[in-house]
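Single-letter residue listing:
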Amino acid sequence: MNNFDSIDDTKAFSEQQSFIVTKEYRRFAEFCDACLREQYIGLCYGSPGVGKTLSARYYTKWFFLETRLQPHLPYAPLLPELKDCDKLFYTAPVSSPPRLIRENIRSLRVELGRFNLEFSVPGQQDVPAYAVADHCKLIIVDETERLSLTAIDQLREIYDRGGLGLIFIGMPGLEKKLSRYPQLYSRIGFAHNYRALSREEMRFLLSHYWEQFGLSLDPNDYTDDEAVATISRITNGNFRLLNRLFRQIQRVMKVNELNCITAEVVEAARECLVIGTV
Ligand SMILES: Nc1ncnc2c1ncn2[C@@H]1O[C@H](COP(=O)(O)OP(=O)(O)OP(=O)(O)O)[C@@H](O)[C@H]1O
Ligand SMILES: [Mg+2]
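Residues numbered from 1 in each chain as written. Chains lettered and ligands numbered in written order. Predicted model: local features only at pLDDT ≥ 70, side-chain atom pairs only at ≥ 80, totals over all residues.

## Structural notes on helix α3 (residues 52-59)
Reasoning step 1: For α3, every residue scored as buried is listed here: Lys-52, Ser-55, Ala-56, Arg-57 and Tyr-58.
Reasoning step 2: Among the residues trailing α3, Lys-61 stands out with phi positive, at a value near 60°. (Buried ≥ 20, exposed ≤ 12 C-beta atoms within 10 Å, placed from the backbone. Helix = DSSP H or I, 4+ residues; strand = E, 2+ residues; numbered from the N terminus.)

Quick look at the structure:
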C-alpha cells in the first residue's frame, strides 16, 4: 500500500463485529465512564483471557483509531461513528524509558486532537501540535505490569496535570503492586474486577457458537446439554479458552465428518489444546 491509498477498515470492522457485548463488558464500560466523568484513576484487573484488552479496544473504538492516530500513515476516511473520540488506549511497552512513554502519549493526544479538528474543519491535518486542542478525556493503559515505578510515576504526572481520567489494566495482584506506591494509590478512585463469563451467560453465548456451525442449540436435548456442561467445565467462562476450544471443535468435526457437537467431540478437541491454569 502506498501513501496515496486510503486505509482499509475491513479488519477493523470485522474485529468490531465479532466483539460480543457481554454483561461483563457493560460493567467495564460503566466503570470507564465513571473514571472519565469523575476524572479518577481506575484500576481494572482480571485473569488472562477474560477479555480486558478487547473490551478496552472496543470501548475506545481503537480498532479504527489505531490506524488513524499515527503520523505518516495513509489517509483514513472519517467514519461518522468516530466523531468526538476522546479516549486513548495505550499498551505499555515491554521495555521503554519513561521519557519515551511521555512522548508517545503526547503524540497520541495531538493526533487525537488533529483527528477531531479534521472532523469539524476538513483539511486541517497539518496544524502545528501547539495549536491543536486537547480532546483526550481518558487514557486506558493496558499491560500495566510491564511498567517500572518511574514509568508509572510518569503517567501519574500526566494525570496530575488534570483534565482526564486514567485507567490501569492488568492481572489480579496489580492492586497489590500499585499499593506499594502510596502517591499513586491514594489517587485511585475506582477498582474493577473483570470477571469470567457466568454460567448463564455462557449458555446464552453458546447458542451463537452453535449457529456458526449451522446448528441450533436445544436446551431440552440431552446431547446438547451435556456438551454445554463439558464446555463450561473446561473453559470456566474464559473467553480465550472458549474461542480456542471452538477452533479445535471445528477441526475435530471436519476431520471426522460429524454434524453434531457432543461431549465426546468437546473432550477430543480439548485433548488438542494445551490448557494452562486460567
Ligand atoms: N467480548 C468478546 N467478544 C468476543 N471475543 C472475545 C471477547 N472478549 C474476549 N474475547 C476473546 O478472548 C480473547 C482474549 O481476550 P483479551 O486479549 O481481551 O483478554 P485479556 O483479559 O486482555 O487477557 P490477558 O490478561 O492475557 O491480556 C480474544 O482474543 C478474543 O478471542
Ligand atoms: Mg490483555
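## Describing the nonpolar core
Reasoning step 1: If you look at the biggest cluster of nonpolar residues, it comprises 58 residues, and the most contacted ones within it are Cys-44, Ile-140, Val-141 and Ile-167.
Reasoning step 2: Broken down by element, this core gets its largest block of residues, six residues, from helix α11 (residues 239-255).
Reasoning step 3: Both domains that furnish three or more residues to this core are identified here as domain 1 (10-193) and domain 2 (199-271).
Reasoning step 4: Setting aside its immediate chain neighbours within four residues, Cys-44 contacts Phe-28, Phe-31, Lys-52, Ile-167, Ile-169, His-192 and Tyr-194. (Core = buried A, V, L, I, M, F, W, Y, C linked by C-beta atoms within 7 Å. Domains from an automatic or database assignment. Contact = placed C-beta atoms within 7 Å.)

## Here we look at the site of ligand 1
Reasoning step 1: Looking at ligand 1, there are 17 residues lining it, with Pro-48, Gly-51, Thr-53, Leu-54 and Phe-239 nearest.
Reasoning step 2: For the shell around ligand 1, the elements supplying multiple residues, two or more each, are α3 and α11.
Reasoning step 3: A per-class count over the shell around ligand 1 returns eight nonpolar, seven polar and two charged.
Reasoning step 4: Residues lining the shell around ligand 1 come from more than one domain, with at least three contributed by each of domain 1 (10-193) and domain 2 (199-271). (Near = placed C-beta within 6 Å. Nonpolar A, V, L, I, M, F, W, Y, C, P; charged D, E, K, R; others polar.)

## A closer look at the packing of helix α5 (residues 98-120) against helix α6 (residues 149-160)
Reasoning step 1: The interhelical angle for the contact between α5 and α6, taken along N-to-C directions, is 35°, at an axis separation of 9 Å. Along this stretch, α5 crosses α6, giving a crossing that reads as right-handed. In this structure, α5 uses Pro-98, Ile-101, Arg-102 and Ile-105 to contact α6, whose residues at the interface are Thr-150, Ala-151, Gln-154 and Ile-158. (Axes fitted to C-alpha atoms, helices over the stretch in contact; angles between N-to-C directions. Left-handed = near helix turned anticlockwise from the far one by under 90°.)

## A short note on the sheet that holds strand β4 (residues 165-170)
Reasoning step 1: In spatial order, the strands read β2-β3-β4-β1-β5; together these five strands make up an open sheet with parallel pairing. Looking at which strands have only one partner, the edges of the open sheet turn out to be β2 (87-91) and β5 (188-193). Going from strand to strand, the sheet's axes swing by 15° on average, the running direction of each strand aside.
Reasoning step 2: Bridge count for strand β3 (residues 138-142) against β4 is four bridges, and the pairing is parallel. Within β4, the position partnered with Ile-139 by the bridge is Leu-166.
Reasoning step 3: Where helix α2 (residues 23-38) meets the sheet, its contacts fall on β1 (41-45), β3, β4 and β5, and the angle it forms with β5 comes to roughly 175°. (Pairing = 2+ DSSP bridges.)

## Quick look at the environment of Tyr-25
Reasoning step 1: One can find Tyr-25 in helix α2.
Reasoning step 2: Residue classification places Tyr-25 among the partly exposed positions, given that 17 C-beta atoms sit within 10 Å.
Reasoning step 3: Tyr-25 sits ten residues away from Glu-15 along the chain, and the two C-alpha atoms are 15 Å apart.

That's the geometry; what it means functionally is another story.
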